[in-house]
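The residues making up each chain are set out below.
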Amino acid sequence: MSRTIFTGNFDAEFFWRDDNSSKLPSISNCQGHRLVSAMQELQFVFCSNPSDLLITQYKMDSFHKHYLDTLGFQFVSNDRSIEFECQENEIKSIFNHLCKNTNSEITSASYNAFTVISPYAILPGYFDFCKINKISPVAANENIVKKVNSKIYSNRLSSELFGNKNGYVVCSSKELKDVGCKLLSENKQFLVKDEYGVSGNGNILINNYNFLNRIVKFLAYQEKKGRQTRFLLEGFLAKSIDFSCQFNISPLGDVQVLSIQQMENNDFSFSSIKSAEDDLLNFLERSDYYTQVEILGKQLYSDDYFGHICLDSMIEENGNIVPVVEINARKSMGLVNYYLDKYLSRANCKGQLGYYSLQIPKHLRFKDMFSKLKNEGILFTKDRPFGYIPLSANCFSINVDYLENESRYQGRFFYTMVAGDDEDKDELDLRLKKVFSEMGILCNK
Amino acid sequence: MKNMEERLIQIIGKIRPDYTDDDLKRVNGSTSIINEINLSSLQMINFMFKIEDEFNVEIDFDNLDISKMNSISGLCDFIKSCNPIA
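This structure is a prediction, so every number in the text was calculated from the model and none was measured.

### Comments concerning a negative patch on the surface
Residue and element names in this part refer to chain A. On the surface, Glu277, Asp278, Asp279, Asp421, Asp422, Glu423, Asp424 and Asp426 cluster together into a negatively charged patch. Looking at which element gives the most residues to the negative patch, the answer is helix α16 (residues 422-438), with four residues. Here Glu423 shows up in helix α16.

As C-alpha coordinates, then:
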(Lines give C-alpha, C1' and ligand atoms only; values in the text may rest on other atoms or scores of the structure.)
Protein backbone atom coordinates (compact mmCIF):
# COMPACT_ATOMS: atom_id res chain seq x y z
CA MET A 1 0.00 0.00 0.00
CA SER A 2 1.46 3.40 -0.93
CA ARG A 3 2.27 5.79 1.87
CA THR A 4 0.76 9.24 1.48
CA ILE A 5 1.56 12.69 2.80
CA PHE A 6 -1.52 14.80 3.50
CA THR A 7 -1.07 18.53 3.97
CA GLY A 8 -2.22 21.92 2.77
CA ASN A 9 -3.70 25.25 3.72
CA PHE A 10 -7.45 25.64 4.12
CA ASP A 11 -7.38 29.27 2.97
CA ALA A 12 -6.14 28.35 -0.49
CA GLU A 13 -7.96 31.22 -2.19
CA PHE A 14 -5.70 33.68 -0.40
CA PHE A 15 -2.70 32.29 -2.29
CA TRP A 16 -4.39 32.38 -5.70
CA ARG A 17 -5.43 35.99 -5.39
CA ASP A 18 -3.50 38.60 -7.37
CA ASP A 19 -1.67 40.92 -4.93
CA ASN A 20 -2.57 43.93 -7.06
CA SER A 21 -6.33 43.32 -6.99
CA SER A 22 -8.52 45.70 -5.08
CA LYS A 23 -10.39 44.06 -2.27
CA LEU A 24 -13.63 44.38 -0.37
CA PRO A 25 -13.48 45.80 3.14
CA SER A 26 -12.19 43.31 5.65
CA ILE A 27 -10.71 43.32 9.11
CA SER A 28 -7.58 41.35 9.65
CA ASN A 29 -7.52 39.31 12.83
CA CYS A 30 -4.54 37.22 13.88
CA GLN A 31 -6.69 34.97 16.06
CA GLY A 32 -8.90 34.21 13.07
CA HIS A 33 -5.87 33.46 10.86
CA ARG A 34 -4.54 30.99 13.42
CA LEU A 35 -7.89 29.23 13.63
CA VAL A 36 -7.97 28.73 9.86
CA SER A 37 -4.41 27.36 10.01
CA ALA A 38 -5.39 25.03 12.86
CA MET A 39 -8.13 23.57 10.64
CA GLN A 40 -5.39 21.77 8.69
CA GLU A 41 -5.60 18.95 11.22
CA LEU A 42 -9.11 18.06 9.99
CA GLN A 43 -7.25 16.29 7.15
CA PHE A 44 -6.68 13.32 9.50
CA VAL A 45 -9.92 11.89 8.07
CA PHE A 46 -8.17 11.32 4.73
CA CYS A 47 -5.45 9.07 6.22
CA SER A 48 -6.25 5.42 5.44
CA ASN A 49 -2.98 3.82 6.45
CA PRO A 50 -1.28 4.02 9.90
CA SER A 51 1.94 5.09 8.20
CA ASP A 52 0.30 7.95 6.26
CA LEU A 53 1.75 11.29 7.34
CA LEU A 54 -0.33 14.36 8.15
CA ILE A 55 1.72 17.57 8.23
CA THR A 56 0.06 20.55 9.87
CA GLN A 57 1.25 24.02 10.71
CA TYR A 58 0.61 23.44 14.40
CA LYS A 59 1.75 20.16 15.90
CA MET A 60 -1.31 18.09 16.79
CA ASP A 61 -2.26 17.79 20.44
CA SER A 62 -1.07 14.34 21.62
CA PHE A 63 -4.10 13.88 23.90
CA HIS A 64 -6.47 14.48 21.00
CA LYS A 65 -4.40 12.27 18.70
CA HIS A 66 -4.61 9.46 21.24
CA TYR A 67 -8.40 9.82 21.32
CA LEU A 68 -8.57 9.65 17.52
CA ASP A 69 -6.37 6.57 17.68
CA THR A 70 -8.88 4.86 20.00
CA LEU A 71 -11.55 5.52 17.39
CA GLY A 72 -9.42 3.90 14.69
CA PHE A 73 -7.90 7.00 13.06
CA GLN A 74 -4.24 5.97 13.00
CA PHE A 75 -1.63 8.08 11.24
CA VAL A 76 1.73 9.78 11.74
CA SER A 77 1.88 13.53 12.34
CA ASN A 78 4.67 16.08 12.59
CA ASP A 79 6.66 16.28 15.80
CA ARG A 80 7.07 20.04 15.73
CA SER A 81 5.02 23.04 14.71
CA ILE A 82 6.04 25.07 11.68
CA GLU A 83 6.64 28.62 12.84
CA PHE A 84 4.77 31.31 10.87
CA GLU A 85 4.65 35.05 11.27
CA CYS A 86 1.20 36.65 11.15
CA GLN A 87 2.09 39.27 8.58
CA GLU A 88 -0.43 39.64 5.83
CA ASN A 89 2.06 40.88 3.26
CA GLU A 90 4.33 37.87 3.36
CA ILE A 91 2.24 34.85 4.18
CA LYS A 92 3.61 31.74 2.52
CA SER A 93 1.86 28.42 1.90
CA ILE A 94 2.74 25.40 4.00
CA PHE A 95 4.61 23.99 0.99
CA ASN A 96 6.85 27.08 0.85
CA HIS A 97 7.66 26.55 4.51
CA LEU A 98 8.26 22.82 4.10
CA CYS A 99 10.71 23.58 1.29
CA LYS A 100 12.51 26.06 3.55
CA ASN A 101 12.73 23.76 6.58
CA THR A 102 14.65 20.52 6.53
CA ASN A 103 12.67 17.26 6.83
CA SER A 104 13.96 16.52 10.32
CA GLU A 105 13.02 19.99 11.61
CA ILE A 106 9.37 19.08 11.04
CA THR A 107 9.08 15.32 11.49
CA SER A 108 11.12 12.22 12.14
CA ALA A 109 9.27 10.53 9.25
CA SER A 110 11.38 10.77 6.11
CA TYR A 111 9.61 12.38 3.14
CA ASN A 112 11.55 10.08 0.80
CA ALA A 113 9.64 7.11 2.18
CA PHE A 114 6.43 8.46 0.70
CA THR A 115 5.32 7.91 -2.87
CA VAL A 116 2.21 10.06 -2.92
CA ILE A 117 1.38 13.55 -1.72
CA SER A 118 -2.29 14.46 -1.50
CA PRO A 119 -2.61 18.21 -0.94
CA TYR A 120 -5.76 19.93 0.26
CA ALA A 121 -5.20 22.38 -2.59
CA ILE A 122 -2.48 23.00 -5.18
CA LEU A 123 -0.60 26.00 -3.84
CA PRO A 124 2.70 27.81 -4.43
CA GLY A 125 5.55 25.56 -3.38
CA TYR A 126 3.74 22.26 -4.01
CA PHE A 127 5.67 21.33 -7.15
CA ASP A 128 8.96 22.47 -5.57
CA PHE A 129 8.30 20.29 -2.54
CA CYS A 130 7.61 17.30 -4.78
CA LYS A 131 10.78 17.92 -6.78
CA ILE A 132 13.01 18.32 -3.70
CA ASN A 133 11.68 15.09 -2.20
CA LYS A 134 11.49 13.13 -5.45
CA ILE A 135 7.74 12.52 -5.19
CA SER A 136 5.91 12.50 -8.53
CA PRO A 137 3.24 15.19 -8.49
CA VAL A 138 -0.13 14.14 -9.88
CA ALA A 139 -1.81 17.49 -10.24
CA ALA A 140 -2.88 20.08 -12.75
CA ASN A 141 -0.62 23.01 -13.46
CA GLU A 142 -0.72 25.73 -10.80
CA ASN A 143 -1.93 28.40 -13.25
CA ILE A 144 -4.78 26.17 -14.39
CA VAL A 145 -5.77 25.52 -10.77
CA LYS A 146 -5.81 29.24 -10.12
CA LYS A 147 -7.87 29.92 -13.25
CA VAL A 148 -10.61 27.36 -12.59
CA ASN A 149 -10.97 28.47 -8.96
CA SER A 150 -11.89 32.00 -10.04
CA LYS A 151 -15.53 32.92 -9.44
CA ILE A 152 -15.47 34.67 -12.78
CA TYR A 153 -14.56 31.35 -14.42
CA SER A 154 -17.44 29.67 -12.51
CA ASN A 155 -19.81 32.35 -13.75
CA ARG A 156 -18.65 31.92 -17.35
CA LEU A 157 -19.21 28.17 -17.27
CA SER A 158 -22.55 28.59 -15.54
CA SER A 159 -23.60 30.92 -18.36
CA GLU A 160 -22.13 28.97 -21.31
CA LEU A 161 -23.12 25.49 -20.20
CA PHE A 162 -26.38 26.07 -18.32
CA GLY A 163 -27.68 29.43 -19.52
CA ASN A 164 -27.41 31.20 -16.16
CA LYS A 165 -27.48 34.98 -16.78
CA ASN A 166 -27.48 36.08 -13.16
CA GLY A 167 -23.83 37.22 -13.04
CA TYR A 168 -22.11 40.46 -14.12
CA VAL A 169 -18.35 40.98 -14.15
CA VAL A 170 -17.32 44.51 -13.19
CA CYS A 171 -13.79 45.79 -13.74
CA SER A 172 -13.97 49.20 -12.08
CA SER A 173 -15.70 50.99 -9.23
CA LYS A 174 -17.65 52.97 -11.82
CA GLU A 175 -18.94 49.78 -13.45
CA LEU A 176 -19.88 48.48 -10.02
CA LYS A 177 -21.85 51.66 -9.38
CA ASP A 178 -23.62 51.52 -12.78
CA VAL A 179 -24.56 47.84 -12.59
CA GLY A 180 -25.33 48.05 -8.88
CA CYS A 181 -27.67 51.02 -9.30
CA LYS A 182 -29.47 49.23 -12.13
CA LEU A 183 -30.00 46.14 -9.98
CA LEU A 184 -31.18 48.14 -6.97
CA SER A 185 -33.57 50.14 -9.19
CA GLU A 186 -35.13 46.79 -10.15
CA ASN A 187 -35.48 46.03 -6.42
CA LYS A 188 -32.82 43.35 -6.67
CA GLN A 189 -30.38 43.00 -3.83
CA PHE A 190 -27.13 41.51 -5.01
CA LEU A 191 -23.85 39.98 -3.92
CA VAL A 192 -20.47 41.47 -4.70
CA LYS A 193 -18.11 38.51 -4.87
CA ASP A 194 -14.35 38.67 -4.72
CA GLU A 195 -12.87 36.51 -7.48
CA TYR A 196 -11.00 34.50 -4.83
CA GLY A 197 -13.06 34.95 -1.69
CA VAL A 198 -13.94 32.06 0.55
CA SER A 199 -16.55 31.18 3.15
CA GLY A 200 -17.80 34.54 4.29
CA ASN A 201 -14.71 36.51 3.38
CA GLY A 202 -15.10 38.10 -0.01
CA ASN A 203 -18.90 38.25 -0.33
CA ILE A 204 -20.87 41.34 0.50
CA LEU A 205 -24.62 41.68 0.19
CA ILE A 206 -25.76 45.08 -1.10
CA ASN A 207 -29.37 46.01 -0.52
CA ASN A 208 -29.31 49.81 -0.40
CA TYR A 209 -27.71 52.73 -2.23
CA ASN A 210 -25.78 53.96 0.85
CA PHE A 211 -24.01 50.66 1.19
CA LEU A 212 -23.33 50.51 -2.58
CA ASN A 213 -21.86 54.01 -2.57
CA ARG A 214 -19.65 53.17 0.39
CA ILE A 215 -18.22 50.11 -1.35
CA VAL A 216 -17.74 52.07 -4.60
CA LYS A 217 -15.82 54.74 -2.70
CA PHE A 218 -13.73 52.10 -0.97
CA LEU A 219 -12.75 50.53 -4.29
CA ALA A 220 -12.18 53.88 -6.08
CA TYR A 221 -9.64 54.81 -3.41
CA GLN A 222 -7.71 51.59 -4.10
CA GLU A 223 -7.88 52.16 -7.87
CA LYS A 224 -6.21 55.56 -7.37
CA LYS A 225 -3.36 53.68 -5.71
CA GLY A 226 -3.01 51.50 -8.81
CA ARG A 227 -5.03 48.43 -7.85
CA GLN A 228 -7.17 46.52 -10.37
CA THR A 229 -10.84 45.98 -9.66
CA ARG A 230 -12.50 42.75 -10.76
CA PHE A 231 -15.59 41.41 -9.03
CA LEU A 232 -18.58 39.30 -9.83
CA LEU A 233 -22.02 40.73 -9.12
CA GLU A 234 -24.82 38.23 -8.69
CA GLY A 235 -28.50 38.81 -8.02
CA PHE A 236 -29.33 37.43 -4.60
CA LEU A 237 -31.51 34.37 -5.16
CA ALA A 238 -34.27 33.20 -2.84
CA LYS A 239 -32.72 29.97 -1.71
CA SER A 240 -34.37 26.83 -0.41
CA ILE A 241 -31.40 24.46 -0.10
CA ASP A 242 -27.64 24.93 -0.31
CA PHE A 243 -25.79 21.78 -1.31
CA SER A 244 -22.50 20.72 -2.82
CA CYS A 245 -21.22 17.89 -4.95
CA GLN A 246 -17.79 16.43 -4.33
CA PHE A 247 -16.36 14.79 -7.42
CA ASN A 248 -13.00 13.83 -8.81
CA ILE A 249 -11.66 14.21 -12.34
CA SER A 250 -8.98 11.61 -13.04
CA PRO A 251 -5.84 12.43 -15.06
CA LEU A 252 -7.59 10.66 -17.96
CA GLY A 253 -10.71 12.79 -17.64
CA ASP A 254 -13.10 10.36 -15.94
CA VAL A 255 -15.61 12.08 -13.68
CA GLN A 256 -16.44 10.23 -10.47
CA VAL A 257 -19.06 11.65 -8.11
CA LEU A 258 -18.19 10.93 -4.48
CA SER A 259 -20.95 12.60 -2.51
CA ILE A 260 -23.66 15.19 -2.20
CA GLN A 261 -23.56 17.29 0.96
CA GLN A 262 -26.31 19.52 2.27
CA MET A 263 -25.09 22.72 3.89
CA GLU A 264 -26.31 25.17 6.43
CA ASN A 265 -24.58 28.49 5.89
CA ASN A 266 -24.44 31.44 8.20
CA ASP A 267 -23.85 34.82 6.50
CA PHE A 268 -22.36 32.98 3.50
CA SER A 269 -19.93 31.13 5.77
CA PHE A 270 -19.88 27.38 6.28
CA SER A 271 -21.80 26.49 9.44
CA SER A 272 -22.71 22.81 9.30
CA ILE A 273 -22.92 20.05 6.75
CA LYS A 274 -24.42 16.58 6.42
CA SER A 275 -24.60 13.93 3.73
CA ALA A 276 -27.70 14.47 1.62
CA GLU A 277 -30.79 12.47 2.47
CA ASP A 278 -32.62 10.27 -0.05
CA ASP A 279 -35.26 12.93 -0.82
CA LEU A 280 -32.64 15.36 -2.09
CA LEU A 281 -30.67 12.65 -3.91
CA ASN A 282 -33.76 11.41 -5.72
CA PHE A 283 -34.78 14.95 -6.65
CA LEU A 284 -31.34 15.61 -8.13
CA GLU A 285 -31.47 12.33 -10.04
CA ARG A 286 -34.90 13.17 -11.53
CA SER A 287 -33.72 16.67 -12.42
CA ASP A 288 -30.69 15.49 -14.41
CA TYR A 289 -28.29 17.21 -12.02
CA TYR A 290 -25.71 14.43 -12.41
CA THR A 291 -25.72 14.89 -16.18
CA GLN A 292 -24.90 18.53 -15.56
CA VAL A 293 -22.06 17.52 -13.23
CA GLU A 294 -20.68 15.24 -15.96
CA ILE A 295 -20.86 18.07 -18.51
CA LEU A 296 -19.09 20.43 -16.12
CA GLY A 297 -16.41 17.85 -15.33
CA LYS A 298 -15.70 17.31 -19.03
CA GLN A 299 -15.41 21.07 -19.58
CA LEU A 300 -13.00 21.43 -16.68
CA TYR A 301 -10.90 18.61 -18.11
CA SER A 302 -10.84 20.20 -21.54
CA ASP A 303 -9.62 23.35 -19.78
CA ASP A 304 -6.72 21.19 -18.49
CA TYR A 305 -7.90 20.68 -14.92
CA PHE A 306 -8.02 17.34 -13.17
CA GLY A 307 -8.30 16.58 -9.46
CA HIS A 308 -10.78 17.29 -6.70
CA ILE A 309 -13.82 19.48 -7.21
CA CYS A 310 -16.34 20.78 -4.71
CA LEU A 311 -19.22 22.18 -6.73
CA ASP A 312 -21.46 24.54 -4.76
CA SER A 313 -25.04 24.37 -6.03
CA MET A 314 -28.43 25.41 -4.77
CA ILE A 315 -32.16 24.87 -5.10
CA GLU A 316 -34.20 28.05 -5.30
CA GLU A 317 -37.48 28.48 -3.45
CA ASN A 318 -39.32 27.87 -6.73
CA GLY A 319 -37.63 24.45 -7.03
CA ASN A 320 -35.22 25.50 -9.77
CA ILE A 321 -31.72 23.98 -9.45
CA VAL A 322 -28.76 26.31 -9.92
CA PRO A 323 -26.03 23.76 -10.68
CA VAL A 324 -23.09 26.17 -10.56
CA VAL A 325 -22.94 28.68 -7.73
CA GLU A 326 -19.21 28.21 -7.35
CA ILE A 327 -16.54 25.77 -8.49
CA ASN A 328 -13.87 24.98 -5.89
CA ALA A 329 -11.04 23.02 -7.48
CA ARG A 330 -9.62 21.58 -4.27
CA LYS A 331 -10.69 19.39 -1.36
CA SER A 332 -13.43 20.77 0.89
CA MET A 333 -15.30 20.47 4.18
CA GLY A 334 -17.84 18.44 2.24
CA LEU A 335 -15.12 15.94 1.40
CA VAL A 336 -14.06 15.86 5.06
CA ASN A 337 -17.64 14.99 6.01
CA TYR A 338 -17.82 12.33 3.28
CA TYR A 339 -14.77 10.62 4.77
CA LEU A 340 -16.17 10.95 8.30
CA ASP A 341 -19.40 9.29 7.19
CA LYS A 342 -17.40 6.51 5.53
CA TYR A 343 -15.84 5.85 8.92
CA LEU A 344 -19.18 6.09 10.74
CA SER A 345 -20.88 3.75 8.27
CA ARG A 346 -18.95 0.91 9.89
CA ALA A 347 -21.06 1.58 13.00
CA ASN A 348 -24.19 2.04 10.86
CA CYS A 349 -24.42 5.72 11.58
CA LYS A 350 -23.91 9.12 9.97
CA GLY A 351 -22.75 12.42 11.35
CA GLN A 352 -23.32 16.10 10.97
CA LEU A 353 -20.16 18.17 10.80
CA GLY A 354 -20.24 21.66 12.23
CA TYR A 355 -18.54 24.13 14.49
CA TYR A 356 -19.20 26.69 17.18
CA SER A 357 -17.29 29.97 17.42
CA LEU A 358 -16.33 30.35 21.05
CA GLN A 359 -14.91 32.89 23.45
CA ILE A 360 -13.04 30.75 25.95
CA PRO A 361 -11.85 31.77 29.45
CA LYS A 362 -8.07 31.85 29.48
CA HIS A 363 -7.67 29.08 32.08
CA LEU A 364 -9.47 26.48 29.92
CA ARG A 365 -7.86 24.11 27.42
CA PHE A 366 -9.12 21.47 25.02
CA LYS A 367 -8.55 18.72 27.58
CA ASP A 368 -10.99 20.45 29.97
CA MET A 369 -13.66 20.57 27.28
CA PHE A 370 -12.99 16.95 26.35
CA SER A 371 -13.37 15.80 29.99
CA LYS A 372 -16.59 17.72 30.39
CA LEU A 373 -18.08 16.14 27.26
CA LYS A 374 -17.11 12.72 28.60
CA ASN A 375 -18.61 13.40 32.05
CA GLU A 376 -21.81 14.62 30.47
CA GLY A 377 -22.10 11.43 28.43
CA ILE A 378 -21.99 13.17 25.06
CA LEU A 379 -18.50 12.20 23.92
CA PHE A 380 -18.50 9.70 21.05
CA THR A 381 -16.42 6.60 21.76
CA LYS A 382 -15.93 3.33 19.93
CA ASP A 383 -17.94 1.49 22.60
CA ARG A 384 -20.63 4.13 22.67
CA PRO A 385 -21.03 5.53 19.14
CA PHE A 386 -23.25 8.46 20.04
CA GLY A 387 -22.54 12.12 20.69
CA TYR A 388 -19.72 14.42 19.60
CA ILE A 389 -16.39 13.60 18.02
CA PRO A 390 -14.16 16.65 18.63
CA LEU A 391 -12.28 17.01 15.35
CA SER A 392 -9.53 19.43 16.35
CA ALA A 393 -7.81 20.41 19.60
CA ASN A 394 -5.79 23.28 18.15
CA CYS A 395 -8.89 24.94 16.70
CA PHE A 396 -10.13 25.07 20.30
CA SER A 397 -6.99 26.15 22.14
CA ILE A 398 -4.37 27.58 19.75
CA ASN A 399 -5.02 31.22 20.58
CA VAL A 400 -4.42 30.81 24.32
CA ASP A 401 -0.66 30.93 23.68
CA TYR A 402 -0.97 34.43 22.23
CA LEU A 403 -3.01 36.14 24.94
CA GLU A 404 -1.75 39.44 26.30
CA ASN A 405 -4.06 40.92 28.91
CA GLU A 406 -7.35 39.48 27.69
CA SER A 407 -9.43 37.24 29.90
CA ARG A 408 -10.77 35.19 26.98
CA TYR A 409 -9.52 33.93 23.63
CA GLN A 410 -11.21 32.96 20.38
CA GLY A 411 -11.58 29.29 19.59
CA ARG A 412 -13.66 26.97 17.44
CA PHE A 413 -15.16 23.68 18.48
CA PHE A 414 -15.23 21.55 15.32
CA TYR A 415 -17.27 18.39 15.71
CA THR A 416 -19.15 15.68 14.03
CA MET A 417 -22.39 14.98 15.83
CA VAL A 418 -23.70 11.43 15.76
CA ALA A 419 -27.33 11.13 16.80
CA GLY A 420 -30.57 9.43 15.76
CA ASP A 421 -33.32 11.66 14.46
CA ASP A 422 -33.70 15.45 14.48
CA GLU A 423 -35.13 15.35 17.98
CA ASP A 424 -32.02 13.54 19.23
CA LYS A 425 -29.84 16.13 17.48
CA ASP A 426 -31.69 19.03 19.08
CA GLU A 427 -31.35 17.43 22.51
CA LEU A 428 -27.67 16.78 21.97
CA ASP A 429 -27.16 20.39 20.88
CA LEU A 430 -28.86 21.63 24.05
CA ARG A 431 -26.61 19.42 26.16
CA LEU A 432 -23.55 20.80 24.38
CA LYS A 433 -24.69 24.37 25.02
CA LYS A 434 -25.20 23.45 28.67
CA VAL A 435 -21.58 22.29 28.74
CA PHE A 436 -20.43 25.62 27.28
CA SER A 437 -22.53 27.54 29.79
CA GLU A 438 -21.30 25.55 32.80
CA MET A 439 -17.69 26.12 31.70
CA GLY A 440 -18.24 29.85 31.23
CA ILE A 441 -17.63 29.59 27.48
CA LEU A 442 -19.53 32.08 25.30
CA CYS A 443 -20.64 30.73 21.96
CA ASN A 444 -21.79 32.18 18.66
CA LYS A 445 -22.81 29.85 15.83
CA MET B 1 -29.21 61.82 24.54
CA LYS B 2 -27.43 58.46 24.66
CA ASN B 3 -23.67 58.50 25.11
CA MET B 4 -21.30 56.92 22.60
CA GLU B 5 -20.99 53.60 24.41
CA GLU B 6 -24.76 53.23 24.65
CA ARG B 7 -25.12 53.98 20.94
CA LEU B 8 -22.47 51.35 20.10
CA ILE B 9 -24.27 48.78 22.25
CA GLN B 10 -27.49 49.55 20.39
CA ILE B 11 -25.69 48.90 17.10
CA ILE B 12 -24.40 45.59 18.46
CA GLY B 13 -28.00 44.70 19.22
CA LYS B 14 -28.87 45.26 15.56
CA ILE B 15 -25.88 43.25 14.31
CA ARG B 16 -26.59 40.39 16.76
CA PRO B 17 -30.38 39.96 16.61
CA ASP B 18 -29.88 36.77 18.67
CA TYR B 19 -28.83 38.90 21.65
CA THR B 20 -31.51 39.23 24.31
CA ASP B 21 -32.00 42.40 26.40
CA ASP B 22 -30.09 40.66 29.19
CA ASP B 23 -27.18 39.91 26.85
CA LEU B 24 -27.02 43.57 25.86
CA LYS B 25 -27.20 44.73 29.49
CA ARG B 26 -24.04 42.72 30.17
CA VAL B 27 -22.14 44.67 27.47
CA ASN B 28 -20.23 47.62 28.90
CA GLY B 29 -17.18 49.79 28.25
CA SER B 30 -14.70 47.04 29.02
CA THR B 31 -16.40 44.34 26.91
CA SER B 32 -14.11 43.00 24.19
CA ILE B 33 -15.67 43.00 20.72
CA ILE B 34 -13.19 40.40 19.50
CA ASN B 35 -13.17 38.01 22.42
CA GLU B 36 -16.63 38.45 23.91
CA ILE B 37 -19.07 39.74 21.25
CA ASN B 38 -17.31 37.62 18.59
CA LEU B 39 -18.84 38.92 15.39
CA SER B 40 -18.34 36.98 12.18
CA SER B 41 -16.20 38.65 9.50
CA LEU B 42 -19.32 39.87 7.65
CA GLN B 43 -20.98 41.07 10.86
CA MET B 44 -17.79 42.98 11.66
CA ILE B 45 -17.90 44.83 8.34
CA ASN B 46 -21.59 45.63 8.82
CA PHE B 47 -20.75 46.84 12.32
CA MET B 48 -18.06 49.18 10.97
CA PHE B 49 -20.37 50.58 8.31
CA LYS B 50 -23.13 51.16 10.86
CA ILE B 51 -20.60 53.00 13.02
CA GLU B 52 -19.78 55.21 10.04
CA ASP B 53 -23.48 56.02 9.53
CA GLU B 54 -24.23 56.52 13.21
CA PHE B 55 -21.28 58.81 13.97
CA ASN B 56 -20.83 60.36 10.51
CA VAL B 57 -17.19 59.28 10.19
CA GLU B 58 -15.15 57.41 7.62
CA ILE B 59 -13.11 54.40 8.74
CA ASP B 60 -9.78 53.74 7.09
CA PHE B 61 -10.00 49.95 6.68
CA ASP B 62 -6.47 49.68 5.34
CA ASN B 63 -5.05 51.04 8.58
CA LEU B 64 -7.58 49.68 11.03
CA ASP B 65 -5.88 48.44 14.17
CA ILE B 66 -7.84 45.41 15.39
CA SER B 67 -6.64 45.99 18.95
CA LYS B 68 -9.11 48.92 19.05
CA MET B 69 -11.79 46.23 19.29
CA ASN B 70 -10.47 45.04 22.62
CA SER B 71 -13.05 47.15 24.42
CA ILE B 72 -16.11 49.26 23.69
CA SER B 73 -14.42 52.25 25.33
CA GLY B 74 -11.32 51.69 23.16
CA LEU B 75 -13.54 51.66 20.11
CA CYS B 76 -15.10 54.97 21.22
CA ASP B 77 -11.63 56.55 21.34
CA PHE B 78 -10.92 55.16 17.89
CA ILE B 79 -14.15 56.62 16.46
CA LYS B 80 -13.29 60.04 17.89
CA SER B 81 -9.98 59.87 15.98
CA CYS B 82 -11.65 59.08 12.62
CA ASN B 83 -12.14 61.72 9.97
CA PRO B 84 -15.67 63.08 9.75
CA ILE B 85 -17.46 62.46 6.44
CA ALA B 86 -16.94 65.45 4.18
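### With respect to the environment of A:Gly307
Residue and element names in this part refer to chain A. Mapped onto the fold, Gly307 is located in strand β12 (residues 307-316). By relative accessible area, Gly307 is classed as buried at 16%. Beyond its immediate chain neighbours, meaning those up to four positions away, Gly307 contacts Phe247, Asn248 and Ile249.

### Thoughts on the pattern of salt bridges
According to the stated counting rule, one finds 22 salt bridges over all chains in the structure shown. Between A:Asp194 and A:Arg17 there is a salt bridge; the shortest N-O distance is 2.7 Å. Of this pair, A:Asp194 sits in strand β6 (residues 190-198) while A:Arg17 sits in the loop between α1 (12-16) and α2 (30-38), placing them 177 residues apart in sequence. The partner of B:Arg26 in a salt bridge is B:Asp23, with the nearest N and O atoms 2.8 Å apart. B:Asp23 gets classed as partly exposed once you look at its relative accessible area, which sits at 23%. One network of salt bridges, with partners in common, ties together A:Lys151, A:Lys193, A:Glu234 and A:Glu326.

### Focus on the interface of chain B and chain A
Counting from both sides, the interface comprises 23 residues of chain B and, opposite them, 29 residues of chain A. Across the chain B/chain A interface, buried area totals approximately 2,100 Å², and carbon plus sulfur atoms make up 52% of it. Ranking the residues of chain B by area buried against chain A places B:Asn35, B:Asn38 and B:Leu42 at the top, with a combined share of 30%. For the interface between chain B and chain A, the tally reads two salt bridges. Here B:Glu58 and A:Lys217 are joined by a salt bridge, their closest N and O atoms 2.5 Å apart. Connecting chain B to chain A are three residue pairs in polar contact (both at pLDDT 80 or more). Elements that contribute at least two residues to the side of chain B that touches chain A include exactly α3 (33-37) and α4 (41-55) of chain B. Here the element with the most residues in the side of chain B that touches chain A is α4(B); it accounts for nine residues. Residues belonging to the side of chain B that touches chain A are distributed by class as follows: 11 nonpolar, seven polar and five charged.

### Observations concerning the state of the cysteines
What the rule picks out here adds up to zero disulfides over all chains. There is no disulfide at A:Cys130, and the cysteine sulfur nearest it, in A:Cys99, is 8.7 Å away.

### Details of unusual backbone geometry
Phi is positive for A:Asp304, which is not a glycine, with a value near 80°. Among the residues examined, A:Asp304 registers a relative accessible area of 52% and is labelled exposed. The residue B:Asn56 is not glycine, and still its phi comes out positive at about 55°. Mapping B:Asn56 onto the fold places it in the loop between α4 and β1 (57-58). Look at B:Asn56 and you get partly exposed, because its relative accessible area is 46%.

### So, the side chain of A:Glu316
Residue and element names in this part refer to chain A. Looking at the secondary structure, you find Glu316 in strand β12. Although Glu316 is buried, it makes no salt bridge; Lys188 carries the closest opposite charge, 11 Å away. At 2.8 Å, the side chain of Glu316 and the side chain of Asn320 are in polar contact. Those residues in contact with Glu316 that sit more than four places away from it in its chain are Leu237, Ala238, Lys239, Ser240 and Val322.

### Remarks on helix α8 (residues 151-162) of chain A
All names here are of chain A. Spanning 12 residues, α8 covers 16 Å between terminal C-alpha atoms, matching the ideal 16 Å at 1.5 Å per step. Within the sequence span of α8, burial applies to Lys151, Ile152, Tyr153, Ser154, Asn155, Leu157 and Ser158. Among the residues of α8, the N-terminal cap falls to Ser150, whose side-chain oxygen and the backbone nitrogen of Ile152 are separated by 3.0 Å. Phi turns positive one or two residues past the end of α8, at Gly163, with a value near 70°.

### Let's talk about the confidence of the model for chain B
Residue and element names in this part refer to chain B. Here chain B shows a mean pLDDT of 85. Residues at 70 or above account for 97%. Model confidence for chain B, summarised as mean pLDDT per element, is weakest for α3 at 81 and strongest for helix α1 (residues 4-15) at 92. At the level of chain-chain contacts, confidence expressed as ipTM amounts to 0.78, with global pTM at 0.93.

### Some details on the pairing of strand β13 (residues 321-328) of chain A
Residue and element names in this part refer to chain A. Taken across its eight residues, β13 has seven buried, putting it largely inside the fold. Here β12 pairs with β13 via five bridges, running antiparallel. The residue of β13 that forms the bridge with Met314 is Val322. Linking β12 back to β13 in an antiparallel pair, the connection comprises four residues, with Gly319 at a positive phi of about 90°.

Procedures and definitions
- Residues numbered from 1 in each chain as written.
- Chains lettered and ligands numbered in written order.
- Predicted model: local features only at pLDDT ≥ 70, side-chain atom pairs only at ≥ 80, totals over all residues.
- Heavy atoms only, no water.
- Patch = residues over 30% accessible without salt bridge, like charges linked within 9 Å, V, L, I, M, F, W, Y side chains within 5 Å.
- Areas by Shrake-Rupley, 256 points an atom, 1.4 Å probe, with all protein chains shown as cover.
- Salt bridge = Lys/Arg side-chain N within 4 Å of Asp/Glu carboxyl O.
- Lys, Arg positive; Asp, Glu negative; His and termini not counted.
- Charge placed at Lys NZ, Arg CZ, Asp CG, Glu CD.
- Helix = DSSP H or I, 4+ residues; strand = E, 2+ residues; numbered from the N terminus.
- Buried < 20%, exposed > 50% of the residue type's maximum accessible area, 1.4 Å probe, protein only.
- Contact = heavy atoms within 4.5 Å.
- Buried area = accessible area lost by both parts, 1.4 Å probe.
- Polar contact = N/O pair within 3.5 Å; in protein donor to acceptor, adjacent residues only side chain to side chain.
- Nonpolar A, V, L, I, M, F, W, Y, C, P; charged D, E, K, R; others polar.
- Disulfide = S-S within 2.5 Å.
- Expected span 1.5 Å × (residues − 1).
- pLDDT = per-residue confidence, 0-100.
- Pairing = 2+ DSSP bridges.

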